[in-house]
Amino acid sequence: QTFETTEYIQSVQVDVNVDTQGDCNYFLSFSDGGEVSYARLAVATSNSLSYNIYKDITLNNILKDSTDFISSSDVLSGSVSTGNTGIYTHTLYFNVPKQQIEESGTYTDTLAVSLSEGLWNDIENAVSIESQDVVFSVPVASSQSISLENNNFELSGSITKEMGVL
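Residue positions within a chain follow its written sequence, with the count starting from 1. Per-residue local features of the predicted model are confined to residues with pLDDT of at least 70, and side-chain atom pairs are confined, for both listing and counting, to 80 or more; whole-chain, interface and lining totals are unaffected and use all residues. Derived side-chain values reflect all non-hydrogen atoms in the structure, with water molecules and hydrogen atoms excluded from consideration.

A. Geometry of the overall build of the chain. For helices the rule is a DSSP run of H or I covering at least 4 residues; for strands it is a run of E covering at least 2, with both sets numbered from the N terminus onward. Scanning the chain from terminus to terminus reveals zero helices and nine strands. Looking at the chain residue by residue over its 166 residues, the buried ones come to 30%. Taking the contacts inside the chain whose residues are at least 6 apart along the sequence as the reference set, 72% of them involve residues at least 24 apart. Calculation of accessible area relied on Shrake-Rupley with a 1.4 Å probe; when residues are assessed, cover is drawn exclusively from the protein chains displayed. With an accessible surface of roughly 10,900 Å², the chain has 46% of that area assigned to carbon and sulfur atoms. A 1.4 Å probe rolled over the protein chains alone gives each residue an accessible area, and that area as a share of the maximum for its type sets the label: buried under 20%, exposed over 50%, partly exposed in between. Any pair of residues with heavy atoms lying within 4.5 Å of one another is described as a contacting pair.

This is how it looks when you write it as structure tokens:
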């Protein structure tokens, strides 16, 4: 729930299936979702929630598009030596910052996730293998909270109070 007071970080595993005869370097890049400076937003009608995807559980390194790579902290990458074909698993971390109060609904954003063969720091010579749109969705449930305080009065019988429409 986005209105919670503690962070909830969701880990997501991404598998890369490597089927090659020789050595292979590869990297995954993630579009910015159409937002400036990777201030990614998930949208439901006219409301939005900020979120981001990270390379590390400490939420220090935002995963970026290949056109914005500055360091290895911006990318998920791997290296496979000859004869080691198979599935290579990488973990990314999805986080919606705490205490965003928005209407209930399903908030979504579409990111392009691209797999390229080559070195992340040699984009000019990298070969694009595949790109696919991935929809991130954040469900926000409706919630109501009622608090009754003890005002040091004695209760005899019952009291009815109109609480309005929830």
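From this point, the narrative continues.
B. Quick look at the pattern of salt bridges. Whenever Lys or Arg places a side-chain nitrogen within 4 Å of a carboxyl oxygen from Asp or Glu, that contact is recorded as a salt bridge. For the coordinates displayed, the defined rule picks out one salt bridge. Linking lysine 64 and aspartate 74 is a salt bridge whose minimum nitrogen-to-oxygen distance equals 3.7 Å. On the criterion of sequence distance, the pair formed by lysine 64 in the loop between β5 (52-54) and β6 (76-80) and aspartate 74 in the loop between β5 and β6 is long-range, its members being 10 residues apart.

C. Structural view of the environment of proline 97. Relative to the elements of secondary structure, proline 97 occurs in the loop between β7 (86-95) and β8 (105-117). The class of proline 97 is partly exposed, set by a relative accessible area of 30%. Each C-alpha atom of the pair proline 97 and tyrosine 8 lies 8.0 Å from the other, and the pair is 89 residues apart in sequence.

D. Unusual backbone geometry, seen in detail. Notably, tyrosine 38 is not glycine yet its phi reads approximately 60°, a positive angle. On the accessibility criterion, tyrosine 38 (7% relative accessible area) is buried. Positioned with a positive phi, leucine 59 is a non-glycine residue whose angle comes to about 60°. Turning to its location among the elements, leucine 59 is positioned in the loop between β5 and β6.

E. Broad picture of the sheet that holds β5. At least two DSSP bridges between two strands are required for those strands to pair. Spatially, three strands are ordered β1-β7-β5 in an open sheet, and the strand pairing comes out antiparallel. For this open sheet the edge positions go to β1 (9-18) and β5, each flanked by a neighbour on one side alone. Ignoring which end each strand starts from, the neighbouring axes of this sheet average 35° apart. Looking at chain direction, β5 and β7 are connected through three bridges and run antiparallel. Each bridged residue has a counterpart across the sheet, and for asparagine 52 the counterpart in β7 is asparagine 95. To obtain an axis, a line is fitted to C-alpha atoms, over the contacting stretch when the element is a helix, and the angle between two such axes runs from 0 to 180 degrees between their N-to-C directions.

F. Just the nonpolar core, in detail. For our purposes a nonpolar core is just a set of buried Ala, Val, Leu, Ile, Met, Phe, Trp, Tyr and Cys residues, chained together by side-chain atoms within 4.5 Å. Ranked by size, the top nonpolar core spans 25 residues in total, and within it Leu28, Phe30, Ile53 and Val138 carry the most contacts. Contributions of two or more residues to this core are made by β1, β2 (24-30), β3 (41-44), β6, β7, β8 and β9 (127-140). Dropping the residues within four chain positions of it, phenylalanine 30 is found in contact with Tyr38, Arg40, Ile53, Leu63, Lys64, Asp65, Leu76, Leu92, Ala112 and Val113.

G. The pairing of β2, seen in detail. Most of β2 is tucked away, with six of its seven residues classed as buried. Here five bridges tie β2 to β6, and the two strands are oriented antiparallel to one another. Directly across from cysteine 24, in β6, lies its bridge partner valine 80. When β2 meets β8, the two strands line up antiparallel, connected through five bridges. If you follow phenylalanine 27 over to β8, its bridge partner there is serine 116.

H. Here's a closer look at the packing of aromatic side chains. Stacked, tilted and edge-to-face are the three classes applied to pairs of Phe, Tyr and Trp rings, where Trp contributes its six-membered ring and a pair requires centres within 6.5 Å; stacked means planes under 30 degrees apart, edge-to-face means over 60, and tilted covers the rest. Evaluation of the coordinates by the stated rule reveals five aromatic pairs. Measuring from centroid to centroid gives 6.0 Å for tyrosine 51 and phenylalanine 136, while their planes differ by 35°, and the two rings are tilted. Linking tyrosine 51 in the loop between β4 (47-50) and β5 with phenylalanine 136 in strand β9, this pair joins segments that are 85 residues apart in sequence. Looking at phenylalanine 136, the relative accessible area reads 12%, which means it is buried. Note on phenylalanine 69 and tryptophan 120: the rings are 6.3 Å apart at their centroids and 75° apart in plane angle, and the pair reads as edge-to-face. Within this pair, whereas phenylalanine 69 is found in the loop between β5 and β6, its partner tryptophan 120 is found in the loop between β8 and β9, the two being separated by 51 residues in sequence. Across the pair, exposure class does not vary: phenylalanine 69 and tryptophan 120 are buried alike.

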